[in-house]
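# A look at the structure
Read off the chains here:
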Amino acid sequence: MTRLVLLRGDITEQRVDAIVNAANRALAGGGGVDGAIHRAGGPSIMAACDRIRAEQGGCPTGSAVVTTAGRLPAKAVIHTVGPIWRGGGSGEAEVLASCYRQSLHLARAGGFRSVAFPSISTGAYGYPLDQAAAIAVATINAVIACEGDAFDEVRMVLFRQSDLEVYQTAALRR
Ligand code: APR
């Protein structure tokens, strides 16, 4: 039985098979989680992003790609591109759900049995945290209900205690 674990922490320190990055479509790096992952993992992650950009022009919103994790304790980084919040009427919820689904799909395909996610889109991209938390929890739980054999653990790693509490509330509502 796969577990969804919610915890406070730093995504770069997670000892899991794959961590997920909240990237942008150009895979060009940035601040927030993206900056922390590239800093801690070293230049081989950006080199892999450069190759993906050259081959397929980056990563569409709601989709995901896999690279090395460089010096990180994880084996791989799954880069997914969340929606920019535009008020909720532009399909943001479906795109955000797609980020979690596509990332887990790639994890499964890569044989990554433990996966850690940050809170996608709720920093620079401005997605309201309570709505994003509800989508994250519901989408992950739906995938592991169907594909539980593929994963030992799926983790949401929240940087701030107040964010963790919002996710805990979302998990209890289900
Ligand atoms: N570990 C876990 N969570 C973190 C970490 C970390 N080391 N650093 C930041 N966070 C949290 C933030 O507190 C926020 O709740 O990650 C959440 C997502 O914030 P962002 O990293 O800003 O991601 P997002 O909103 O999806 O914006 C993506 O920002 O950095 C750029 O290149 C990135 O353009 C892209 C955009």
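Note: the structure precedes this text.
Read on for a plain summary of the structure. Worth saying up front: this structure is predicted, and the values here are computed from it rather than measured. Throughout this description, residue numbers start from 1 for each chain and increase along the sequence as written. Residue-level local features of this predicted model are given only where pLDDT is at least 70; pairs of side-chain atoms are given and counted only at 80 or more, and the full residue set underlies all totals for whole chains, interfaces and linings. To obtain the side-chain values, all non-hydrogen atoms of the structure were included, while hydrogens and water were left out.

It is worth spelling out the pattern of salt bridges at this point. When a carboxyl oxygen of Asp or Glu lies within 4 Å of a side-chain nitrogen of Lys or Arg, that pair is called a salt bridge. Tallied over the full model, the rule gives eight salt bridges. In this structure, the salt-bridge partner of arginine 101 is glutamate 94, at a minimum N-O distance of 2.5 Å. Buried, partly exposed and exposed residues are distinguished by accessible area as a fraction of the type maximum, computed with a 1.4 Å probe on protein chains only: under 20%, between the cut-offs, and over 50%, respectively. For arginine 101, a relative accessible area of 36% translates into the label partly exposed. With a relative accessible area of 49%, glutamate 94 lands in the partly exposed category. The salt bridge involving arginine 113 is made with aspartate 152; its shortest N-O contact spans 2.9 Å. Of the two residues, arginine 113 is situated in the loop between helix H3 (92–110) and strand E5 (114–117) and aspartate 152 in the loop between helix H4 (129–147) and strand E6 (153–158); the sequence distance between them amounts to 39 residues. Of the residues examined, arginine 113 reaches a relative accessible area of 32% and is grouped as partly exposed. For aspartate 152, a relative accessible area of 45% gives the class partly exposed. Residues joined in a network through salt bridges with shared partners are Arg3, Glu153 and Arg155. Where helices and strands are cited, they refer to DSSP runs of H or I of at least four residues and of E of at least two residues respectively, numbered from the N terminus.

Quick look at the site of the ligand now. The environment of the ligand is made up of 22 residues, and the closest members are Asn24, Gly31, Asp34, Gly123 and Ala124. For this analysis, a polar contact is any N or O atom pair within 3.5 Å, provided that within protein one partner can donate a hydrogen and the other can accept it, and provided that sequence-adjacent residues contribute only side-chain to side-chain pairs. At 2.7 Å, a side-chain N or O of asparagine 24 approaches an oxygen atom of the ligand. Between the ligand and tyrosine 125, the relevant distance is 3.0 Å, taken from an oxygen atom to a main-chain nitrogen or oxygen of the residue. Elements represented by at least two residues in the shell around the ligand include exactly strand E2 (18–23) and helix H1 (32–41). In this classification, Asp, Glu, Lys and Arg are treated as charged, Ala, Val, Leu, Ile, Met, Phe, Trp, Tyr, Cys and Pro as nonpolar, and every other residue, Gly included, as polar. Looking at the shell around the ligand, its residues break down into nine nonpolar, ten polar and three charged. The rule for a residue being near a molecule or strand is that one of its heavy atoms must lie within 4 Å of it.

This part is about helix H5 (residues 161–173). By this rule, a helix spans an expected 1.5 Å times one less than how many residues it contains. For H5, which comprises 13 residues, the first-to-last C-alpha distance of 19 Å matches the rise-based estimate of 18 Å (1.5 Å per residue) to within 8%. In this fold, the buried residues of H5 make contact with strand E1 (3–8), H3, H4 and E6. Between two residues, a contact is recorded if the distance between any of their heavy atoms is within 4.5 Å.

By nonpolar core we mean a set of buried residues, namely Ala, Val, Leu, Ile, Met, Phe, Trp, Tyr and Cys, connected to one another through side-chain atoms within 4.5 Å. Ranked by internal contacts, the top residues of the largest apolar core, which has 34 residues, are Tyr100, Leu104, Phe117, Ile140, Phe151, Met156 and Tyr167. The set of elements that each furnish at least two residues to this core consists of E2, strand E4 (76–81), H3, E5, H4, E6 and H5. The element that contributes the greatest number of residues to this core is H4, accounting for nine residues. Every residue in contact with leucine 104, bar those within four places of it in the chain, is listed here: Val115, Phe117, Ile140, Val143, Phe151 and Val154. Among the nonpolar cores identified, the runner-up in size contains 18 residues, and Ile19, Leu27, Ile37 and Ile52 belong to it.

Moving on: the side chain of histidine 79. Residue position: histidine 79 is located in strand E4. The buried category is assigned to histidine 79, whose relative accessible area is 1%. Polar side-chain contacts of histidine 79 include one of 3.1 Å to the side chain of asparagine 21. Those residues in contact with histidine 79 that lie beyond four places of it in its chain are Asn21, Ala23, Leu27, His38, Ile45, Cys49, Cys59, Ser63, Ala64, Val65 and Thr67.

What follows is about the pairing of E2. Within E2, five of the six residues are buried, which leaves the element mostly enclosed by the surrounding structure. Pairs of strands are assigned from DSSP output, requiring at least two bridges between the strands. As judged from the six bridges shared by E2 and E4, these two strands associate in the parallel manner. Bridging across to E4, alanine 22 finds its partner in threonine 80. Bridge count between E2 and E5: two bridges; the pairing is parallel. Note that in E5 the partner of isoleucine 19 across the bridge is alanine 116.

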